[in-house]
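Given next are the chains, with one letter for each unit.
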Amino acid sequence: MCGPQLVCTTLGWCHEYPANRVPYVIDMWANGPDDLWVAGGPITHWDGARWESLPLPESIVAQSIFGFATDDVWAVGSAKVAHFDGFEWKVVAPAPGIIPSNGGFAAVHGLGPNDLWFSASPNVVARRFNGNWSSVRVGTGTVPIDYLFSPTILALSPTDVWAGSYHLTSAGWVTYPQPGGAGPYELWASSATNIWAAPNSSGPVWHWDGGGSWTEMPGINAVTSVAGTGADDVWFVTNLRSIARYDGSQFTTRPVPLPGVQSLTSIAAPERERPVLGTNTGSVLRVERDGGITQLTSGELLSPILDMWWNGNAGAAVGADFYLTFDGAHWISAPLPPTTGVLRAVAGTSASLVYVGALVPPNGGELLRWDGTTWTAELLSSPVNAIWAAAANDVWVFSTLEFRHWDGTTWTTFSPPAPRVVVDVAASGSNLLALTSGSVLTWDGSSWTEAPLGMQTTGLQNISVWSASDVWAAGNNSLFHFDGASWLDLGTPNARVSGVVAIAPSEAWVVTEGPLYLWKLNPFSLTEVETGLSGGFQRVEISNGQVRMLRAGAIIKPP
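Residues numbered from 1 in each chain as written. Predicted model: local features only at pLDDT ≥ 70, side-chain atom pairs only at ≥ 80, totals over all residues. Heavy atoms only, no water.

## What to know about the overall build of the protein
At step 1: Tallying secondary structure elements over the protein gives zero helices and 57 strands in all.
At step 2: Computed over its C-alpha atoms, the radius of gyration of the protein comes to 27 Å, within 12% of the 24 Å expected for a compact globule of 559 residues.
At step 3: A principal-axis box enclosing the C-alpha atoms of the protein has dimensions of 90 × 50 × 40 Å.
At step 4: Within the protein, contacts between residues at least 6 apart in sequence are counted, and of these 40% link residues at least 24 apart.
At step 5: For the protein, the separation between the mean place of its 24 positive charges and that of its 45 negative charges on side chains is 2 Å. (Helix = DSSP H or I, 4+ residues; strand = E, 2+ residues; numbered from the N terminus. Rg over C-alpha atoms; globule rule 2.2 N^0.38 Å. Contact = heavy atoms within 4.5 Å. Lys, Arg positive; Asp, Glu negative; His and termini not counted. Charge placed at Lys NZ, Arg CZ, Asp CG, Glu CD.)

## A closer look at the pattern of salt bridges
At step 1: Counting across every chain of the model gives 17 salt bridges.
At step 2: Residue arginine 127 pairs with aspartate 115 through a salt bridge whose shortest N-O separation is 2.8 Å. Here the residue arginine 127 occupies a position in strand β13 (residues 124-129), and aspartate 115 occupies one in strand β12 (residues 115-121), the gap between them amounting to 12 residues. Aspartate 115 shares its class with arginine 127; the two are buried. (Salt bridge = Lys/Arg side-chain N within 4 Å of Asp/Glu carboxyl O. Buried < 20%, exposed > 50% of the residue type's maximum accessible area, 1.4 Å probe, protein only.)

## A few points about the packing of aromatic side chains
At step 1: By the definition in use, this model includes 35 aromatic pairs.
At step 2: Centre to centre, the rings of phenylalanine 84 and tryptophan 89 are 5.4 Å apart; their planes meet at 45 degrees, and the pair counts as tilted.
At step 3: Aromatic side chains tryptophan 396 and tryptophan 443 sit 4.8 Å apart centroid to centroid with 65 degrees between the ring planes, which places their arrangement in the edge-to-face category. Within this pair, whereas tryptophan 396 is found in strand β40 (residues 394-399), its partner tryptophan 443 is found in strand β45 (residues 439-443), the two being separated by 47 residues in sequence.
At step 4: Owing to a relative accessible area of 11%, tryptophan 443 belongs among the buried residues under this scheme.
At step 5: Linked through ring pairs, Trp396, Phe398, Phe403, Phe414, Trp443 and Trp448 together constitute an aromatic cluster.
At step 6: Above the ring of phenylalanine 129, the side-chain terminus of arginine 127 is found at 4.5 Å from the ring centroid. (Phe/Tyr/Trp six-rings, centres within 6.5 Å; stacked < 30°, edge-to-face > 60°. Lys NZ or Arg CZ within 6 Å of the ring centre and 35° of its normal.)

## A word on the nonpolar core
Soluble globular proteins tend to pack their nonpolar side chains together in the buried interior.
At step 1: The biggest cluster of nonpolar side chains holds 29 residues, and the ones touching the most others in it are Trp37, Ile65, Trp89, Phe105 and Phe118.
At step 2: Of all elements in the fold, only β4 (35-39), β7 (64-69), β8 (72-77), β9 (80-84), β11 (104-112), β12 and β13 reach the threshold of two or more residues within this core.
At step 3: In this structure, Val501, Val511, Leu518 and Ile556 belong to the second largest nonpolar core, which totals 14 residues. (Core = buried A, V, L, I, M, F, W, Y, C linked by side-chain atoms within 4.5 Å.)

## Regarding the sheet that holds strand β41 (residues 403-406)
At step 1: Judged by pairing direction, the sheet is antiparallel, and its four strands sit side by side in the order β39-β40-β41-β42 without closing on themselves. Of all strands in the sheet, those bounded by a partner on one side alone are β39 (384-391) and β42 (411-414). Averaged over all pairs of adjacent strands, the angle between strand axes in this sheet comes to 15 degrees, irrespective of strand direction. (Pairing = 2+ DSSP bridges. Axes fitted to C-alpha atoms, helices over the stretch in contact; angles between N-to-C directions.)

## Some thoughts on the sheet that holds strand β17 (residues 166-169)
At step 1: An order of β15-β16-β17-β18 is seen for the four strands of this open sheet, with the pairing classed as antiparallel. At either end of the open sheet lies a strand with only one pairing partner, and these are β15 (153-157) and β18 (172-175). Sheet twist, expressed as the mean angle between neighbouring strand axes with direction ignored, is 15 degrees.
At step 2: In this sheet, β17 lies alongside strand β16 (residues 160-163) in antiparallel orientation, the contact comprising three bridges. Counterpart to tryptophan 162 in the pairing with β17 is histidine 167.

## Focus: the environment of glycine 278
At step 1: Tracing the sequence through the fold places glycine 278 in strand β28 (residues 276-279).
At step 2: Along the sequence, glycine 278 and valine 92 sit 186 residues apart, while their C-alpha atoms lie 27 Å from each other.
At step 3: Residues in contact with glycine 278, not counting those within four places in the same chain, are Val25, Met28, Leu264, Thr265, Ser266 and Ser283.

## Brief notes about the confidence of the model for the protein
At step 1: Chain-level pLDDT for the protein is 87 on average; 91% of the residues reach the 70-or-more range.
At step 2: Summarising per-element confidence for the protein, the mean pLDDT is lowest in strand β1 (residues 7-9) (74) and highest in strand β36 (residues 353-360) (97).
At step 3: Across residues 141-149 the pLDDT falls below 50, and counting only partners more than four positions away or on other chains, this stretch makes 23 contacts in the model. (pLDDT = per-residue confidence, 0-100.)

## Details of the side chain of asparagine 462
At step 1: Looking at where asparagine 462 falls in the secondary structure, it is placed in strand β47 (residues 462-467).
At step 2: With residues near it in sequence (within four places) discarded, asparagine 462 still touches Asp424, Leu435, Trp472, Ala473, Ala474, Ser498, Gly499, Val500, Arg539, Val540 and Glu541.

## Describing the environment of proline 505
At step 1: By secondary structure assignment, the location of proline 505 is in the loop between β51 (497-504) and β52 (507-512).
At step 2: Note on proline 505: relative accessible area 52%, which makes it exposed.
At step 3: Apart from the residues within four sequence positions on either side, proline 505 is in contact with Trp466 and Asp470.

## Section: the environment of isoleucine 60
At step 1: With respect to the secondary-structure elements, isoleucine 60 resides in the loop between β6 (51-54) and β7.
At step 2: Here isoleucine 60 falls in the buried class, since its relative accessible area comes to 8%.

## Structural notes on the pairing of β51
At step 1: The element β51 is largely enclosed, with a buried count of seven among its eight residues.
At step 2: Here β51 runs beside β52; their pairing, made up of six bridges, is antiparallel. Opposite valine 497, over in β52, you have threonine 512 as the bridge partner.
At step 3: Here β51 folds back onto β52, and the loop between the two strands holds two residues, one of which, serine 506, carries a positive phi near 60 degrees.

## Some words on unusual backbone geometry
At step 1: Between proline 361 and the following residue, proline 362, the backbone shows a cis peptide bond with an omega angle of 5 degrees.
At step 2: Looking at the secondary structure, you find proline 362 in the loop between β36 and β37 (364-370).
At step 3: Backbone torsion omega between asparagine 522 and proline 523 reads -5 degrees, so that peptide bond is classified as cis.
At step 4: Secondary-structure assignment places proline 523 in the loop between β53 (516-520) and β54 (525-529).
At step 5: Phi at asparagine 130 is positive, roughly 55 degrees, even though this residue is not glycine.
At step 6: Relative to the assigned elements, asparagine 130 resides in the loop between β13 and β14 (132-137).
At step 7: The backbone of alanine 222 sits at a positive phi, close to 60 degrees, despite the residue not being glycine.
At step 8: With respect to the helices and strands, the residue alanine 222 is situated in the loop between β22 (214-221) and β23 (223-230).
At step 9: Residue alanine 222 is classed as buried on the basis of its relative accessible area of 5%.

## So, the side chain of glutamate 288
At step 1: Within the secondary structure, glutamate 288 is located in the loop between β29 (284-287) and β30 (293-295).
At step 2: Contacts of glutamate 288, omitting those with residues within four sequence positions, involve Glu273, Arg274 and Thr294.

## Thoughts on the pairing of β17
At step 1: Adjacent in sequence and paired antiparallel, β16 and β17 are bridged by two residues, among which glycine 164 carries a positive phi angle near 65 degrees.
At step 2: In this structure, β17 lies alongside β18, joined through four bridges in antiparallel fashion. What sits directly across from tyrosine 166, in β18, is threonine 175.
At step 3: From the end of β17 to the start of β18, which pair antiparallel, there are two residues.

Shown next as structure tokens:
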């Protein structure tokens, strides 16, 4: 790979950080080294050069994925089945009664484009043959699916199908449970007499040679996924952050150290001796033939981004326990500032002037300053909640008990109208607007005044200014607009509002935990904006007309 590769939807919305990111990896299917499909939220596809997000319709979260070609891929999640035809995903509705009303699809496998097999709960095997659906209930259904009828299916022929520990033969369905009564979590086979079972997180690996029972294979435990290219090239990943290869006679095991990763969750084998691994944090790794590991994606942050700033050439972002920098083209994970506190706020003017604020437990604060070479720190009496930096001689630091201003020479302290937690700051002409949970504080050049928003609310987190008479504030299912005279409660769409950004006169994007909306005033209209993402936006920021969305520890750049 030559530099970061952006994961972009077909509509041009890209993960700017992590630049090559997929969500939690649940399952993978590989049609070759340049045709890898990852399930875990939206489906993500690797074509050998770049990642592309291909979200499933109707908010389906895929649990299993399998296919026959780039234009013939199947995914299942909940009670729905989806098919990708090379252009788009479409829901393929099963016939009524195929699975119980309280059931759901768990896994998909197939013998060909016209012969698909599905495992479903509770204890149902479904088949789609030449477009026609049928199903059969296997087992008693008295044992939970996770233990008896695990979410896996393996079709070897029309009369040789495995669904967990149940086996379809020419004589019908029989069961071959592993010792202890548990069914396998995942199955892979090179032939009908060479089947491997992954037990999912505990216990040994089991092997089927056609002799009528499973055989324990010593030497590897806690396997979460299995895949291979042949009887002498079988790969396993474990929740102990290790991988193993079986060469036909013995296992070779080695660790896969990766910071922040708790477990390896999935494996695919697109080519011999070069498997691809998926992790619980969204990293996708490729094992090279020389033993090295290539990181195809950078994974996902384990905690949300709390604050960020950027301009055309520099920027920074913080979470409670991480620090990112922006070099004008890419967001990059950087060493944490030297503090014992929890990072909460950041602002700057250039790569050589950045301020970071922190909470120092239990109730103290800390302000850190980066001059391009070193960090300096100052302890404060209360947590730093927000920072605004307009220039090197115009910096505001908002802590709970005091507001401080730097004029390039000295710090001046101001008392807030009342103890307030400032969550976001924006400029309105020559004034400065500081948003709290239920009010807006205005700096007019000499003093701070408070304007309540007109109702009891908490959890606001975004303020955005188009002009002095066109200001928006949002968060926690609340949306307000200021017309130059008063604040108006606008109500909300049918989704929990998390942020707002003004994009034109009397127009704003309203981000929610679900869709993104375009909200217009005069005349009023509310339109859902298609992004190709499954929603879940947590905040939105704007700088120099450039918008960034924050979502699940990622920075999203609109087209």
